[in-house]
Amino acid sequence: MAAVAGAQAESASDSWEADVALLYYNETDRVSALEPAIAVKKTFDDESVVGFKLVLDSLTGASANGATASSSAQTFTRPSGNGTYETSAGETPLDDTFKDTRFSLSANYEQPLENRMNKVVWGANVSSEYDFLSIGGSGTFLHDMNQRNTTLSMGFSFEQDSIKPVGGTPIALGEMKSAGNQVRTGDESRTIVEMLLGVTQVIDSKTLMQFNYGLAVSDGYHNDAYKVTSVVDDVTGVNVASLESGSLTNRYLYENRPDARTKHSVYSKVKRFIGGDVADVSYRYMWDDWGVASSTVDMHYRFNMSPSWYLEPHIRFYTQQAADFYTTSLSETQADALVASNGDLTSDYRLGDMDATTLGLKFGFLTPDGNKSSIRVEYYNQTGTA
C-alpha cells in the first residue's frame, strides 16, 4: 500500500490564515482516494480564534467483503440487492464497485477567559456520505499553571450517526440471498460520547511532554452492513451449500457485532529541540471491551536545513490484537450454533490481528512570497488477516 500527500500551503492576509492540502492515496488492487482540504482561521484582538475546515473525499476501487478465498469461483450479491459479482478461484473476494464521496465540515472557536490562564474551545462538525450522516459537537477546557509551564485539559464530545446502507440493513447473522431475494430492514443509528483528560508539561527550554487519557462509549448499530463470513465444511474446510430458499450457491452470513462498545486509550508524547532540529516521539495504547488492543509508536525528526526549508523523515509502527468475535470463516456446526444463540461475529480484517508500518518523508519550504509549503510521500505496509 502506498500513500502520497502534497500541495500543502499556508498563507496569512488580514489576520486570516489558510491551509490548503491535497491527499492522494492508493492501495494495490484495492481502494484509491483523492482528498482536497482547506482550513481557515482568524485570530482576534482578544486572542480568541475562529476556524473552519472543509474536506472532500472521493474513494473508488475494490473492497474486501469478508468472505474467504475458495478453490472455485464465488458469486455474491451486490449491496443494492439488484445484481451480482463474481470472484475467481483462489482470489480474495472483492466488491469492485466500491465508491464513496464524503463531505466533512468542522468549525471551532477558541475563547480565552478573564484571567487569560484559562480558555475553552468549542467545536462542531458534520460529515456526510451517500449511506452515512454524522453530526457532532465538542467542548474542551484548558488551564495554564506553574507559570504557564503546565497545561491541564479536559474535553468532551458527542456524535450522532445515521446509517443508511444501500438496499437496506441486512439482518444480522442472516444469509446473503441471491439478487432480488434480499431481506432487509430500515435505517440504523449510533451515538458516541468521548472524554479526554490531558496534561502538557514543559520539562526544560528544549523539551515538552504530553500525556492524555481517553474514554469513548458508543451505543447502537456497529455492524458493517456490507461484510459477510464464509461458512465451510467441518472437515474439508470447503464452502458449504446454502439450503435456504433464495440463497446463493454458497452460504455466507452477515456479521453481528455488539450494540455497545467502550474504548480506553493512553497517549504520551515527547518533543525535543536538538541542535537546531526537532525530534517528536509518541506512543498510544488502546483497548476495549471487544477484546481489541493496539499499540502505536510514531516518530518524526525534522532536519532544519536552513530558515527556508527542512526535511522530516517519519516512521510509524502499529500492531493490533483481534476482537474476541473475529474469525476468517465458520464451520457449519459453529455457524448453526452461533445463529441459534445470536452470537457476535465479524470477518472484517480491520478488527483482526494486524501489523502495519508507515515510512515517510516530508519536504517543507518557503515560497518566494513567504508562504509555507510542503510535500509528503509515505509508504504503508500491512500484514495480518487483510
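For the structure itself, consult the block above.
Basis of the calculations
- Residues numbered from 1 in each chain as written.
- Predicted model: local features only at pLDDT ≥ 70, side-chain atom pairs only at ≥ 80, totals over all residues.
- Heavy atoms only, no water.
- Pairing = 2+ DSSP bridges.
- Helix = DSSP H or I, 4+ residues; strand = E, 2+ residues; numbered from the N terminus.
- Axes fitted to C-alpha atoms, helices over the stretch in contact; angles between N-to-C directions.
- Contact = heavy atoms within 4.5 Å.
- Phe/Tyr/Trp six-rings, centres within 6.5 Å; stacked < 30°, edge-to-face > 60°.
- Buried < 20%, exposed > 50% of the residue type's maximum accessible area, 1.4 Å probe, protein only.
- Lys NZ or Arg CZ within 6 Å of the ring centre and 35° of its normal.
- Salt bridge = Lys/Arg side-chain N within 4 Å of Asp/Glu carboxyl O.
- Patch = residues over 30% accessible without salt bridge, like charges linked within 9 Å, V, L, I, M, F, W, Y side chains within 5 Å.
- Areas by Shrake-Rupley, 256 points an atom, 1.4 Å probe, with all protein chains shown as cover.
- 1 Å grid on protein atoms, 1.4 Å probe; cavity = no way out; pocket = protein on both sides within 12 Å on 5 of 7 lines; lining within 4 Å.
- Points joined across faces, edges and corners; volume = space filled by probe spheres on them.
- Nonpolar A, V, L, I, M, F, W, Y, C, P; charged D, E, K, R; others polar.

Caption draft 1: Structural view of the sheet that holds strand 21 (residues 329-331). Taken together, three strands build an open sheet; the order of strands is 16-15-21 and the sheet is mixed. Both outer strands of the open sheet, strand 16 (252-254) and strand 21, are each paired with one neighbouring strand and no more. In this sheet, neighbouring strand axes are inclined to one another by 35° on average, regardless of whether the strands run parallel or antiparallel. Sheet topology places strand 15 (residues 228-232) next to strand 21; three bridges connect them, and they run parallel. The residue of strand 21 that forms the bridge with Ser 230 is Ser 329. Sitting on the sheet, helix 1 (residues 332-341) touches strand 15, strand 16 and strand 21, and the angle it makes with strand 21 is about 95°.

Caption draft 2: How the structure looks around unusual backbone geometry. Phi is positive for Arg 148, which is not a glycine, with a value near 65°. One can find Arg 148 in the loop between strand 9 (132-145) and strand 10 (150-163). The backbone of Asn 342 sits at a positive phi, close to 55°, despite the residue not being glycine. Tracing the backbone shows Asn 342 in the loop between helix 1 and strand 22 (354-366).

Caption draft 3: Examining the packing of aromatic side chains more closely. Per the counting criterion, the structure on display carries seven aromatic pairs. Taken together, a centroid distance of 4.7 Å and an interplanar angle of 45° make the contact between Phe 76 and Tyr 252 tilted. Placement of the pair is Phe 76 in strand 5 (residues 74-77) and Tyr 252 in strand 16, with a sequence separation of 176 residues. Tyr 252 matches Phe 76 in its accessibility class, with the two residues each being buried. Taking 6.0 Å as the distance between ring centres and 65° as the angle between the ring planes, the aromatic pair formed by Trp 309 and Phe 363 counts as edge-to-face. Of this pair, Trp 309 sits in strand 20 (residues 309-321) while Phe 363 sits in strand 22; the two residues are 54 residues apart in sequence, bridging distant segments of the chain. Chaining the aromatic ring pairs together yields one cluster made of Phe 76, Tyr 85 and Tyr 252. Arg 261 extends its terminal NZ or CZ atom over the ring of Trp 290, reaching a point 4.4 Å from the ring centre. Above the face of the Tyr 310 ring, Arg 302 is positioned so that its terminal group lies 3.6 Å from the ring centre.

Caption draft 4: The pattern of salt bridges, seen in detail. Applying the stated criterion across every chain yields a total of 17 salt bridges. Taking the shortest distance from any N to any O, the salt bridge between Arg 78 and Asp 95 comes out at 3.4 Å. Taken together, the residues span a long stretch of sequence, with Arg 78 in the loop between strand 5 and strand 6 (84-87) and Asp 95 in strand 7 (residues 94-112) at a distance of 17 residues. Residue Arg 78 is classed as partly exposed on the basis of its relative accessible area of 22%. Look at Asp 95 and you get buried, because its relative accessible area is 10%. Ionic contacts of the salt-bridge type, sharing partners, join the residues Asp 224, Glu 255, Arg 257, Asp 348 and Arg 350 into one network.

Caption draft 5: Main features of a nonpolar patch on the surface. Taken together, the side chains of Val 20, Ile 38, Leu 54, Leu 56, Phe 103 and Leu 105 present a nonpolar region at the surface, about 430 Å² in accessible area. The set of elements that each furnish at least two residues to the nonpolar patch consists of strand 4 (49-64) and strand 7. Within the element layout of this structure, Leu 54 appears in strand 4.

Caption draft 6: Here's a closer look at the pairing of strand 6. Side-chain alternation along strand 6 places Tyr 85 and Thr 87 on a buried face and Thr 84 and Glu 86 on a face that remains uncovered. Alignment of strand 5 against strand 6, held across four bridges, turns out to be antiparallel. When the sheet's bridge partners are listed, Phe 76 is paired in strand 6 with Tyr 85. Connecting strand 5 to the next strand, strand 6, in antiparallel fashion are six residues, including Gly 81 with a positive phi near 85°.

Caption draft 7: Focus on empty space enclosed by the protein. Scanning all chains against the criterion turns up one cavity of 30 Å³ or more. If you add up the space inside the largest cavity, you get close to 30 Å³. In terms of lining, the largest cavity is formed by Pro 170, Ala 172, Tyr 221, Asn 223, Asp 224, Ala 225, Lys 227, Tyr 254 and Glu 255. Of the residues that constitute the lining of the largest cavity, the class distribution is five nonpolar, one polar and three charged.

Caption draft 8: Inspection of the layout of surface pockets at higher detail. What the second largest pocket holds in volume is close to 480 Å³. Along the walls of the second largest pocket sit 24 residues, with Arg 302, Tyr 310, Glu 312, Lys 362 and Lys 372 positioned nearest its centre. Residue assignment for the lining of the second largest pocket shows that the elements contributing at least two residues are strand 1 (2-13), strand 18 (277-288), strand 19 (293-306), strand 20, strand 22 and strand 23 (372-384). Among the elements that line the lining of the second largest pocket, the one with the most residues is strand 19, at five residues. Residue composition of the lining of the second largest pocket, by class: seven nonpolar, eight polar and nine charged.

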